[in-house]
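Summary of the model geometry
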Amino acid sequence: MEKTAKKIQMVDLKSQYEKIKLEVDMAIQNVLNTTAFINGPEVKSFQAELEEYLKVKHVIPCANGTDALQIAMMAIGLKPGDEVITADFTYVATAEVIALLGLKPVLVDVLENTFDIDVTAIEKAITSKTKAIVPVHLFGQCANMEAIMEVAKKHNLFVIEDTAQAIGADYFFEDGRKQKAGTIGTIGCTSFFPSKNLGCYGDGGAMFTNDDELAAKIRMIANHGQSVQYVHDSIGVNSRLDSIQAAVLRIKLRDLDNYAKARNRAATFYDIAFGNNSKLKTPARAIYSNHVFHQYTLQLNGIDRNAFRDFLSKKDIPAMIYYPIPLHLQKAYLDARYTAGDFPITEKLCASVVSLPMHTELDDETLKYITSSILEFCNK
Ligand SMILES: *Cc1c(COP(=O)(O)O)cnc(C)c1O
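Owing to the predicted nature of the structure, the values given are computational and were not obtained by experimental measurement.

**Comments concerning the sheet that holds strand 9 (residues 205-209)**
Strands sit in the order 1-9-8-5-4-2-3 across an open sheet of 7 strands; the sheet is mixed. Edge positions in the open sheet fall to strand 1 (58-62) and strand 3 (104-108), since each of these has one partner strand only. Across this sheet, the average inter-strand angle for adjacent strands is 25°, counted without regard to direction. Where strand 5 (residues 158-162) and strand 8 (residues 187-191) come together, 3 bridges link them in parallel fashion. Directly across from I160, in strand 8, lies its bridge partner I187. In the packing of helix 3 (residues 65-75) onto the sheet, contacts are made with strand 1, strand 4 (130-134), strand 5, strand 8 and strand 9, and the angle to strand 8 comes to roughly 160°. Across the sheet, helix 4 (residues 93-100) touches strand 2 (83-87), strand 3, strand 4 and strand 5, and the angle it forms with strand 3 is around 150°.

**Let's talk about the site of the ligand**
Taken together, the residues surrounding the ligand are N64, G65, T66, Y91, A93, V136, D162, A164, Q165, S191 and K196. The separation between an oxygen atom of the ligand and a polar main-chain atom of G65 is 2.8 Å. Contact between the ligand and D162: a nitrogen atom at 2.8 Å from a side-chain N or O atom of the residue. Protein burial of the ligand: of its 380 Å² of free accessible surface, 92% is covered by the chains. Considered class by class, the residues forming the shell around the ligand number 4 nonpolar, 5 polar and 2 charged.

**Describing the pattern of salt bridges**
Side-chain pairing between opposite charges can occur once the charged atoms of the two side chains come close. This structure, assessed with the given rule, holds 17 salt bridges. With a closest N to O distance of 2.7 Å, R250 and E49 form a salt bridge. Remark: E49 occurs in helix 2 (residues 41-54) and R250 occurs in helix 8 (residues 243-274); sequence separation between them is 201 residues. Judged by its relative accessible area of 29%, E49 is partly exposed. Because the salt bridges share partners, they merge into one network encompassing E42, E49 and R250.

**Here's the deal with helix 2**
Taking 1.5 Å of rise per residue, 14 residues should cover 20 Å, and helix 2 covers 20 Å from first to last C-alpha, within 8% of that figure. Taken residue by residue, helix 2 has E42, V43, F46, Q47, L50, E51, Y53 and L54 as its buried positions. Buried-residue contacts for helix 2 involve helix 1 (13-34), strand 1, strand 7 (178-180), strand 9, helix 7 (212-222) and helix 8.

**Considering the packing of aromatic side chains**
As enumerated under the stated definition, the model contains 17 aromatic pairs in all. An angle of 75° between the planes, with centres 5.5 Å apart, marks the rings of F46 and F192 as edge-to-face. Of the two residues, F46 is situated in helix 2 and F192 in the loop between strand 8 and strand 9; the sequence distance between them amounts to 146 residues. F192 carries the same exposure label as F46, and that label is buried. Ring plane angle 75° and centroid distance 5.1 Å describe the contact between F115 and F139, whose orientation is recorded as edge-to-face. Here the residue F115 occupies a position in the loop between strand 3 and helix 5 (119-125), and F139 occupies one in the loop between strand 4 and helix 6 (145-155), the gap between them amounting to 24 residues. Residues F115 and F139 agree in their burial class; the two are buried. Members of the aromatic cluster, each reached through a chain of ring pairs, are F89, Y91, F115, F139, Y322 and Y323. Above the plane of the ring of F173 lies R177, whose end atom (NZ or CZ) is 4.1 Å from the centre.

**Section: the domain arrangement of the chain**
Per the domain assignment, the segments making up the chain are domain 1 (15-254) and domain 2 (256-378). Here the C-alpha centre of domain 2 lies 24 Å away from the C-alpha centre of domain 1. Tallying the contact residues gives 49 residues for domain 1 and 38 residues for domain 2. Here domain 1 packs against domain 2, burying approximately 3,900 Å² in sum over the two surfaces, 55% of which is carbon and sulfur. Three residues, E112, F139 and N197, lead the burial of domain 1 against domain 2; their summed loss comes to 19% of the area buried on that side. On inspection of domain 1 and its partner domain 2, the count reaches 2 salt bridges.

**What about the packing of helix 8 against helix 11 (residues 364-378)?**
For the pair helix 8 and helix 11, the least separation of the axes is 10 Å and the interaxial angle reads 30°. Regarding the angle of helix 8 to helix 11, the classification is roughly parallel. Here the hand of the crossing between helix 8 and helix 11 comes out right-handed. Contact residues: helix 8 offers R265, A266, F269, Y270, A273 and F274, while helix 11 offers D364, L367, K368, I370, T371, I374 and L375. Looking at the contact of helix 8 with helix 11 residue by residue, the classes come out as 9 nonpolar, 1 polar and 3 charged.

**Considering a nonpolar patch on the surface**
There is a patch of nonpolar side chains on the surface, built from L32, F37 and I38 and spanning about 250 Å² of accessible area. Structurally, L32 is set in helix 1. Given a relative accessible area of 38%, L32 falls into the partly exposed group.

**What to know about the sheet that holds strand 12 (residues 280-281)**
In spatial order, the strands read 12-13-14; together these 3 strands make up an open sheet with antiparallel pairing. Each edge of the open sheet carries a strand with a single partner, namely strand 12 and strand 14 (353-356). Sheet topology places strand 13 (residues 296-300) next to strand 14; 4 bridges connect them, and they run antiparallel. By the bridge assignment for strand 14, L298 is matched with V354.

Parameters and conventions
- Residues numbered from 1 in each chain as written.
- Predicted model: local features only at pLDDT ≥ 70, side-chain atom pairs only at ≥ 80, totals over all residues.
- Heavy atoms only, no water.
- Pairing = 2+ DSSP bridges.
- Helix = DSSP H or I, 4+ residues; strand = E, 2+ residues; numbered from the N terminus.
- Axes fitted to C-alpha atoms, helices over the stretch in contact; angles between N-to-C directions.
- Contact = heavy atoms within 4.5 Å.
- Near = heavy atom within 4 Å.
- Polar contact = N/O pair within 3.5 Å; in protein donor to acceptor, adjacent residues only side chain to side chain.
- Areas by Shrake-Rupley, 256 points an atom, 1.4 Å probe, with all protein chains shown as cover.
- Nonpolar A, V, L, I, M, F, W, Y, C, P; charged D, E, K, R; others polar.
- Salt bridge = Lys/Arg side-chain N within 4 Å of Asp/Glu carboxyl O.
- Buried < 20%, exposed > 50% of the residue type's maximum accessible area, 1.4 Å probe, protein only.
- Expected span 1.5 Å × (residues − 1).
- Phe/Tyr/Trp six-rings, centres within 6.5 Å; stacked < 30°, edge-to-face > 60°.
- Lys NZ or Arg CZ within 6 Å of the ring centre and 35° of its normal.
- Domains from an automatic or database assignment.
- Buried area = accessible area lost by both parts, 1.4 Å probe.
- Parallel < 35°, antiparallel > 145°, perpendicular 65-115°, else oblique.
- Left-handed = near helix turned anticlockwise from the far one by under 90°.
- Patch = residues over 30% accessible without salt bridge, like charges linked within 9 Å, V, L, I, M, F, W, Y side chains within 5 Å.

Here it is, written out as structure tokens:
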């Protein structure tokens, strides 16, 4: 097949911007005109609109997703030495903030089909020092929250949801209720990094909670630990979402469900093309969540991943590895408790996954070119 006219990217933010350019440019100009750059009305409006969308009592914006995780862990009052359980197969930010606060990251393996944290493994990892669980809604679908909340309740643990990759996803309870990702645990944390499903044009993040007291505490910590100006009740941080980013996010929030639809359309196209190929394992859908496809991640079976990526690269098709090294084998997180072979699923995934271009602007022509190129490689 012929190459497509437009350069294929993992994420095409420019084409997406062009569709909302008029609105975005006006909104940014409006912030410039008012010079209310910090804590302006755009931030308050965005916060209220996101609360409404997520059906959660409190959204507290902050500077980025990593800060959101850190502030959440500070807000629940964890002490150095407390253990926090999270997935070995995730972006480093999750474990980073645990370690930065002097807490002890306790890693557990994930499930091969859905990439979700393994709830049985969580239960086995609980000790008398365990204080919190941080499930990661990886690649755009929820972890098994109902089972995780049950374990948390039984052992009196906090649950901090890392929903940086799954904003807008629905979690389905067994009784038929549904709730948005990040609104089920004690606190939900998200990122508005440009390439995330709800991305701004710089850095941004937010925390969600239904607990009034916790919300006040989170607000205080994010603002230098002050509840009244120049009165500092606790040690805090400086973490704010700026008004220009909030103005952009307000516009993109209105399109978030349509963005998820466009991503699902591309995912279905990939699923159909690769469904019968024994060398390509398509991503499984969890029964308890819908998928907003932050990433579309294949598992390669009997294929040399480097050769696969080189072949695609020559056809100007990017493909990325999220994530190439399990946390327990990262130099910064090496720990006498862990060794190679301890988390076999994560280790297998790190060696076999590859994520394909996934964004809101993939048309059929591009998808045909990508899928036929991949099948051409598999049939060689
Ligand atoms: C992006 C991401 C973060 C961090 O968000 P930033 O805004 O980049 O700090 C945390 N966790 C996961 C799973 C992420 O994908």
